[in-house]
Amino acid sequence: MADCDNALNVVVLDFETTGLSPSYGDRAIEIGAVKLKNGEIIETFQELMNPGFPVNNFIAQYTGITNSMLKKARRCNEVMKSFAEFLGDSNFVAHNASFDERFLRSEFEMISRYSIPDYTCSMLCARRIYPDAPSHKLSSLVSYKSIREEDSYHRALQDSIMTSRLWTTMINDIREKYNTGIISFSMMKKLSRMSKKNMDSFFRIHP
DNA sequence: TGCCAGGCCCTCTTTAGGGCCTT
């Protein structure tokens, strides 16, 4: 297996945004990410970005990111160019990745980058691996697995760090439960879309 | 100013609807 297909060599990212839908004009206001090598954080990225219009009160309260903070930030396009260099062609992971993927694709298109690396979703994986968790939102899973918390939720770097800890915890739990060796990214991606009843047979076939 | 989406998953399903998750 190539190093790039090792599930422990990925970028874990998280966006804070002005809303839920880039197709309705929402923009990213913060990107946070960690680069994992063999499951350890070797590099981080965090930057606020000015979307060019004010965020509403809900977003300011939800994230703690205020319009005065955003006024001082670089514009989205400049930040995304820097982030594109950080991400490179690394596979990436996010919690409820379909959300972050839409914003990554949208912001990348605005800097004329029309492709994104392969990605998978920690939430979908957690639904398979921890079906009995009371909830599969990030904060609940962090609590459920007794993962060390950062100072706050809903800030991009802190959420990406906690997602990376959840990600490595899931991989370690799979390795212990199924007595498997190195877990590949492609295996985790298949897992995220697998029916629950096929979990055990999948890891017997892919030791 | 306030509003908006979309994919997954379950079930009282599949000719559908609603909860979960992300901001």
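All figures in this text were calculated on a predicted structure; none of them were measured in a lab.

K.L.:
Sorry, what's going on with the protein's contact with DNA strand B here?
P.N.:
Looking at DNA strand B, there are 30 residues lining it, with Glu16, Tyr62, Arg128, His136 and Arg193 nearest. Among atoms of DNA strand B positioned within 4 Å of the protein, sugar and phosphate together represent 61%. Residue Tyr24 places a side-chain N or O atom 3.2 Å away from a phosphate oxygen belonging to DNA strand B. At a separation of 2.7 Å, a base oxygen of DNA strand B approaches a polar side-chain atom of Asn96. Secondary-structure elements contributing two or more residues to the surface near DNA strand B are β1 (11–17), α1 (57–63), α4 (97–109) and α5 (122–129). Its residues placed into classes, the surface near DNA strand B shows ten nonpolar, ten polar and ten charged.

K.L.:
What is the right way to look at the sheet that holds β1 in this model?
P.N.:
Two orientations exist for strands paired in a sheet by backbone hydrogen bonds: parallel and antiparallel. Pairing in this open sheet of five strands is mixed, and the strands run β3-β2-β1-β4-β5 from one edge to the other. Only two strands of the sheet have a single partner each, and these edge strands are β3 (40–48) and β5 (119–121). Strand-to-strand, the axes of this sheet are offset by a mean angle of 25°, without reference to chain direction. Here β1 pairs with strand β4 (residues 92–94) via two bridges, running parallel. From the neighbouring strand, Val12 faces β4, where its bridge partner is Val93. Contacts from α4 reach β1, β2 (28–37), β4 and β5, with the element oriented near 80° to β1. Relative to β5, helix α8 (residues 185–192) is tilted by about 45°, and along the sheet it contacts β4 and β5.

K.L.:
How should I be thinking about the state of the cysteines in this particular structure?
P.N.:
Put plainly, two cysteines are in a disulfide when a covalent bond ties their sulfur atoms together. This structure, assessed with the given rule, holds zero disulfides. The thiol sulfur of Cys121 is not disulfide-bonded, and the nearest other cysteine sulfur, from Cys125, lies at 6.9 Å. You can call Cys121 buried: its relative accessible area is 6%.

K.L.:
How do you make sense of the pairing of β3 when you look at a structure like this?
P.N.:
Across eight bridges, the pairing between β2 and β3 is antiparallel. Directly across from Ile31, in β3, lies its bridge partner Glu47.

Cut-offs and rules
- Residues numbered from 1 in each chain as written.
- Chains lettered and ligands numbered in written order.
- Predicted model: local features only at pLDDT ≥ 70, side-chain atom pairs only at ≥ 80, totals over all residues.
- Heavy atoms only, no water.
- Near = heavy atom within 4 Å.
- Polar contact = N/O pair within 3.5 Å; in protein donor to acceptor, adjacent residues only side chain to side chain.
- Helix = DSSP H or I, 4+ residues; strand = E, 2+ residues; numbered from the N terminus.
- Nonpolar A, V, L, I, M, F, W, Y, C, P; charged D, E, K, R; others polar.
- Pairing = 2+ DSSP bridges.
- Axes fitted to C-alpha atoms, helices over the stretch in contact; angles between N-to-C directions.
- Contact = heavy atoms within 4.5 Å.
- Disulfide = S-S within 2.5 Å.
- Buried < 20%, exposed > 50% of the residue type's maximum accessible area, 1.4 Å probe, protein only.

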